[in-house]
Amino acid sequence: MTWRIRGGALSLEAPVVMGIVNLTPDSFSDGGLLGGVDAALAHARRLVEEGAALLDVGGESTRPGARPVPAAEERARILPFVRRAASELGVPVSVDTRKAEVARSALDEGAAIVNDVSGLAFDARMGEVVAAEGAGLVLMHMRGVPATMAELATYSDVAAEVAQELGAAVDRARRVGISDDAVVLDPGLGFAKTAEQSLELLADLAPIRALGFPVLVGPSRKSFLGSVLGVPPERRVSGTVAACVAAYLGGARIFRVHDVEPVVQALAVARAILQAGGGEGAVATARSGRA
Ligand code: HH2
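So, a few notes on the structure that sits alongside this text.

Reading the values: rules and limits
- Residues numbered from 1 in each chain as written.
- Predicted model: local features only at pLDDT ≥ 70, side-chain atom pairs only at ≥ 80, totals over all residues.
- Heavy atoms only, no water.
- 1 Å grid on protein atoms, 1.4 Å probe; cavity = no way out; pocket = protein on both sides within 12 Å on 5 of 7 lines; lining within 4 Å.
- Points joined across faces, edges and corners; volume = space filled by probe spheres on them.
- Helix = DSSP H or I, 4+ residues; strand = E, 2+ residues; numbered from the N terminus.
- Nonpolar A, V, L, I, M, F, W, Y, C, P; charged D, E, K, R; others polar.
- Buried < 20%, exposed > 50% of the residue type's maximum accessible area, 1.4 Å probe, protein only.
- Pairing = 2+ DSSP bridges.
- Near = heavy atom within 4 Å.
- Polar contact = N/O pair within 3.5 Å; in protein donor to acceptor, adjacent residues only side chain to side chain.
- Areas by Shrake-Rupley, 256 points an atom, 1.4 Å probe, with all protein chains shown as cover.
- Sits in = over half its atoms within 2 Å of the grid points.

Structural notes on the layout of surface pockets
Here's step 1: Within this model, the largest pocket holds a volume of roughly 560 Å³.
Here's step 2: What lines the largest pocket is a set of 36 residues, and nearest its centre among them are Phe28, Thr62, Arg63, Phe191 and Lys222.
Here's step 3: Taken together, the elements giving at least two residues each to the lining of the largest pocket come down to β3 (16-22), α6 (195-203) and α8 (223-229).
Here's step 4: Broken down by class, the residue content of the lining of the largest pocket amounts to 12 nonpolar, 16 polar and 8 charged.

Below you can see the structure in the form of C-alpha cells.
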C-alpha cells in the first residue's frame, strides 16, 4: 500500500500523520501564529521531530466565509517556506491550494503533493499541472466555495453522496491523465457539512473507501469537535485524537493535524492493539459489515 508522489512513493502500511503549517493571518485555529520563514521552519521541524511524515503548507484560509487571497499573495506567503522545507526537513511537502499557478510554483520549489480542497473543481488548469509534474494529489470533497459552502450542506445520505461526488473528482483527475496511484481521497470534514454530517462521515468511511483509494481525514481542532465538547479550537486536541483514532479504525490512512505528537502516539497504540488482535484492518472490516 503506497502513495505515489512527485519523486517517489510514500508507504501507507502504518498510519501517516501530515503536520499542518498555516502561513495565513486568518486561519481559524492558528492564523498569524507563525511569523517569518525561520519561525515557520522551526515549527515545521518540531512537527517532523514529533513524527509528521508529511507537511502540508497553506497560504489561504478556507474557513467558512474566509477572504479569497490573490495568487500572487498566496505564492509570496508560501514559496520561501516551501523552498527551504523541501530541501532541509527530509519529509515530502504538500501544498494546500486551489490555484494551478500556486501549485506549479510550489512544485517548482520542491513540493511533492498538491492538496486541493476543491477536488479539481476550482481551477480548470490544476489537473494538468498535477499530471505534468507527477505530483501526489489529495482530492477533498466540498461544495461551493468557503463563502457559500455552509448553505450547501444538504444531503439525504451524506456518506453515499460525498462518495459519489468524490467519484466525480476522480473522473476529473483521470481525464487529464493523473494516475490512480497518485490519488488520495478526503471527505472534507466541516466543508459544506454540519457538525452532525462530519460525525456521520467519520462513522461511515466505507462508501468512500469502496472507491478504492487511500483515505485522508482532517478533523484537527474543527468546529464539529467544538459542538461535542463546547471548548475553543486550542482545547480540542483530545477531541482531534479521538476523531483520528475513530477514522483509523474506519480505514483512514493519512491524518492532517496541527497537534502531531498526541496523534502519532494514539495511532501507534491503536495500530499495536489491532496487530495484537490479529492484524490491522480487522476492526475496519468488521465495522463495515463486510467481515
Ligand atoms: N481542512 C482545512 C484546510 N485544508 N485539506 C484537506 N485535505 N482536508 C481538510 O480537512 C482540510 C484541508 C481547514 O483547516 P485549517 O488549515 O486548520 O484552517 P484554515 O482553512 O482556516 O487555514
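Brief notes about the pairing of strand β4 (residues 54-58)
Here's step 1: Buried residues dominate β4, accounting for 5 of its 5 residues.
Here's step 2: A two-sided burial pattern is seen for β4, the buried positions comprising Leu54, Asp56 and Gly58 on one face and Leu55 and Val57 on the other.
Here's step 3: Bridge count for β3 against β4 is 5 bridges, and the pairing is parallel. By the bridge assignment, asparagine 22 is partnered in β4 with glycine 58.
Here's step 4: Pairing of β4 with strand β5 (residues 93-96) involves 4 bridges; the strand directions are parallel. Residue pairing for β5: aspartate 56 is matched across the bridge by serine 94.

Thoughts on the site of the ligand
Here's step 1: Taken together, 18 residues form the shell around the ligand, and within it Ser27, Ser61, Thr62, Asp186 and Lys222 come nearest.
Here's step 2: At 2.6 Å, a side-chain N or O of aspartate 186 approaches a nitrogen atom of the ligand.
Here's step 3: Expressed as a share of its isolated accessible area of 470 Å², the protein-covered part of the ligand is 98%.
Here's step 4: Cavity membership is defined here by more than half of the atoms lying within 2 Å of grid points; on that basis the ligand lies in the largest pocket.
Here's step 5: The residue inventory of the shell around the ligand, partitioned by class, reads 6 nonpolar, 7 polar and 5 charged.

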